[in-house]
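Below are the chains, spelled out letter by letter.
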Amino acid sequence: MGKLSLTEINTVVKDIRDVDVLIGYCYPSTYRAGMTSLATHLFYSSLNRRKNISCERYFRYDTYSPIRSVETKRHLKDNHLIGFSLSFEEDILHVVQMLSEANIPHIAANRMNEDPIVIMGGPVVSANPCPYELFIDAFVIGEGDLVFHSIADCILNSESRQDALGKMAELQGVYVPSIKKQPIKRQIMQNLDELFHPTKQIIPDVPEGAKLEPVFGKALLVEVGRGCGHSCKFCLVGHICRPRRLRSFEKLKEIITKGINETPVRKVAFIAPTLGDLPEFEQLVEWCIERDLEISAPSLRADSISRKSLDLLMQGGQRTLTIAPETGSSRLRNILGKGLTDEAILKAVKLAADAKWYSIKLYFIIGLPYEDEKDILAITNLSKQIAEIFPGKITISANPFVPKANTRFERNAQSPIYIIREKIRTLEQGINNIPRVTVETLDPRHARIQASLSLGDKKMGEIIKIAASYGGLGGWRRAEKETGLPFFAIANNRERLKGPLPWKFIQ
Ligand code: SF4
């Protein structure tokens, strides 16, 4: 992949002679995806506030090199601590590739005293770290805001690598596989107002629409809340990020005022699983518009939408409404615990039509437990009804069900790939003739890999190691063949899911 030239605003460069701990924050995917993640800005700013720490960033794709930092080209191996954030299961291949390329032993047990300590966090590993244990020295289970500083202190106050890992194993929310101490309790921050929020965020100095521009454009990311008041049975966020917590209206205004002052942008992107849960959401948007700020509000529940909020968001520059009905029938939606009726969805669409929004995107899951043929037809029917009401562009995003550990569907196998393909075909044929409606689907082969990793155990390490050496979809196939382990069938194996689950030591 070609390397793109990159200049940024608000990067932090320190003279390493003045610091005690060198940290590499790694995002194992593209620069664009990594810079869209609030975690990147949060850890970077928070750690660099400390005089004795220098934190620099590494991305798998699109920067000068995956093993040279964006800031000073510091070699990945020269850090004391390397932290990976894993948002998508398949990115584990990139983690292993980055370690190997940097000449850091990719098997944790082979690392020597002079090698960096490799830690990993993110929702995927908080739900089930087992498949990645072969490569990682310590996992952050839950929210890393405070524990990250304690981990840095362990490095600071230790004589050796082993000593530091021993200290880390004592921290709540840290899992060190080589020092078994179970169960592991998820770390959750109760009062978000008391937590540091980055206001001086890094912005790439690139033209609008450029490949390196973050997904929400040049925007200040503002975290409104964590967790969700609902608990849909398939949803990782609805389970591992509980309970729902929101920042106060006053705090959010303070963050935005300071943020716009320190970050040269005129756009605010709100981050929260369900934004409409904030009681003052309309007031907040209004307050931003009064200050001439553009708005991006990616996650709204259909039943929290009002005409006023749509008018305000449109004024703030948003043009696409995103709704997640998850399934076409109210029956299945009730089973999922989504608590959203067809009427609520159609009402939201009508409001968007009246408010003259340009487009609507609807997220569905196919291959869900308890789903039958009628549920797939119901997606087509719902899409038809939506097209009758809404005159703009309509996108149906239908992705295969990926069972996730630590959700209430963790014992529900994924349907075999041929059944998922058949369902996608049925859906595409049904939608084909509806005007202005297009369908996007995730390749079921990727969904199958995600599911196998999500429900996997320690044995996955051998597969990942070989798959990483080949790369891509073909790498997984070759790894299955060479190890003789039934990787692709793991998520389809109903019998296995009836037995003890490997991730049950995570509380
Ligand atoms: S699917 Fe949406 S509403 Fe349901 S638990 Fe997840 S974030 Fe909450």
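Structure's up top.
Owing to the predicted nature of the structure, the values given are computational and were not obtained by experimental measurement.

Parameters at a glance
- Residues numbered from 1 in each chain as written.
- Predicted model: local features only at pLDDT ≥ 70, side-chain atom pairs only at ≥ 80, totals over all residues.
- Heavy atoms only, no water.
- Helix = DSSP H or I, 4+ residues; strand = E, 2+ residues; numbered from the N terminus.
- Buried < 20%, exposed > 50% of the residue type's maximum accessible area, 1.4 Å probe, protein only.
- Polar contact = N/O pair within 3.5 Å; in protein donor to acceptor, adjacent residues only side chain to side chain.
- Axes fitted to C-alpha atoms, helices over the stretch in contact; angles between N-to-C directions.
- Parallel < 35°, antiparallel > 145°, perpendicular 65-115°, else oblique.
- Left-handed = near helix turned anticlockwise from the far one by under 90°.
- Contact = heavy atoms within 4.5 Å.
- Nonpolar A, V, L, I, M, F, W, Y, C, P; charged D, E, K, R; others polar.
- Phe/Tyr/Trp six-rings, centres within 6.5 Å; stacked < 30°, edge-to-face > 60°.
- Pairing = 2+ DSSP bridges.
- Salt bridge = Lys/Arg side-chain N within 4 Å of Asp/Glu carboxyl O.
- Near = heavy atom within 4 Å.
- Core = buried A, V, L, I, M, F, W, Y, C linked by side-chain atoms within 4.5 Å.
- Expected span 1.5 Å × (residues − 1).

Caption draft 1: Highlighting the side chain of S309. Tracing the backbone through its elements, the reader meets S309 in helix α10 (residues 307-315). A residue is classified by how much of its surface remains accessible, and S309, at 7% relative accessible area, is buried. At 2.9 Å, the side chain of S309 forms a polar contact with the backbone oxygen of S306.

Caption draft 2: Broad picture of the packing of helix α16 (residues 460-470) against helix α17 (residues 472-483). Between α16 and α17, the least distance of the axes is 8 Å, while the angle of their chain directions is 135°. On the basis of the axis angle, α16 is oblique to α17. Crossing of α16 over α17 shows right-handed handedness. Across the interface between the two elements, E462, I463, I464, I466, A467 and Y470 of α16 pack against G475, W476, R478, A479, E482 and T483 of α17. Partitioned by chemical class, the residues of the contact of α16 with α17 number seven nonpolar, two polar and three charged.

Caption draft 3: Broad picture of the packing of aromatic side chains. Using the criterion set out here, one finds 10 aromatic pairs in the structure. Ring centres 6.0 Å apart and planes at 35° place the aromatic pair Y25 and F43 in the tilted group. Of the two residues, Y25 is situated in strand β2 (residues 21-30) and F43 in helix α2 (residues 38-48); the sequence distance between them amounts to 18 residues. Each member of the pair, Y25 as well as F43, carries the same accessibility label: buried. Ring centres of F401 and F409 lie 6.0 Å apart, and the angle between their planes is 90°; this geometry places the pair in the edge-to-face category. Joined through ring pairs, the aromatic side chains of Y25, F43 and F148 make up one cluster.

Caption draft 4: Here's a closer look at the sheet that holds strand β7 (residues 174-175). Overall, mixed pairing links the six strands, which are arranged β3-β2-β4-β5-β6-β7 in an open sheet. A single partner strand is all that each edge strand has here, and the edge strands are β3 (53-61) and β7. Pairing of β2 with β3 involves eight bridges; the strand directions are parallel. The residue bridging C26 from the neighbouring strand is Y58, located in β3. Sitting on the sheet, α2 is in contact with β2 and β3, with an inclination near 155° to β3. This element, helix α5 (residues 147-156), spans β2, β3, β4 (81-85), β5 (117-121), β6 (138-140) and β7 of the sheet and lies at about 135° to β2.

Caption draft 5: Seen up close, the pattern of salt bridges. Evaluated as defined, the whole model comprises 35 salt bridges. Its salt-bridge partner being D137, residue R161 comes within 2.8 Å of it at the nearest N-O pair. In this pair, R161 is assigned in helix α6 (residues 161-169) and D137 in the loop between α4 (123-127) and β6, connecting sequence segments 24 residues apart. D137 shares its class with R161; the two are buried. We note a salt bridge from D311 to R307, for which the minimum N-O separation is 3.1 Å. With D311 and R307 both in helix α10, this residue pair falls four residues apart, about one helical turn. The partly exposed category is assigned to D311, whose relative accessible area is 29%. The network of salt bridges with common partners includes E143, D145, E223, R226, R245 and R247.

Caption draft 6: Structural context of the site of the ligand. Close to the ligand lie C228, H230, S231, C232, F234, C235, G238, P273, R301, E326 and K338. Its residues assigned to classes, the shell around the ligand comprises five nonpolar, three polar and three charged.

Caption draft 7: Quick peek at the nonpolar core. Within the largest apolar cluster, 63 residues are counted, with the highest numbers of intra-cluster contacts made by I256, F270, F281, L321 and W357. Top element by residues in this core is helix α12 (residues 342-354). It accounts for eight residues. Apart from the residues within four sequence positions on either side, W357 is in contact with L310, L313, M314, Q318, R319, T320, L321, A352 and F390. Among the nonpolar cores identified, the runner-up in size contains 43 residues, and I67, V124, M460 and A468 belong to it.

Caption draft 8: Region of interest: α12. Under the 1.5 Å per step criterion, the end-to-end length of α12 is 18 Å for 13 residues, consistent within 8% with the ideal 18 Å. D342, A344, I345, L346, A348, V349, L351, A352 and A353 are the residues of α12 that are buried. Buried residues along α12 sit in contact with α10, β14 (320-326), α11 (330-336), β15 (359-366) and α13 (373-389).

Caption draft 9: Inspection of the environment of L336 at higher detail. Mapping L336 onto the fold places it in helix α11. Measuring from C-alpha to C-alpha, the distance between L336 and K233 comes to 5.3 Å, with 103 residues separating the pair along the chain. If we skip the residues at most four places from it in the chain, L336 touches S231, C232, K233, F234, E326, T327, L368 and F409.

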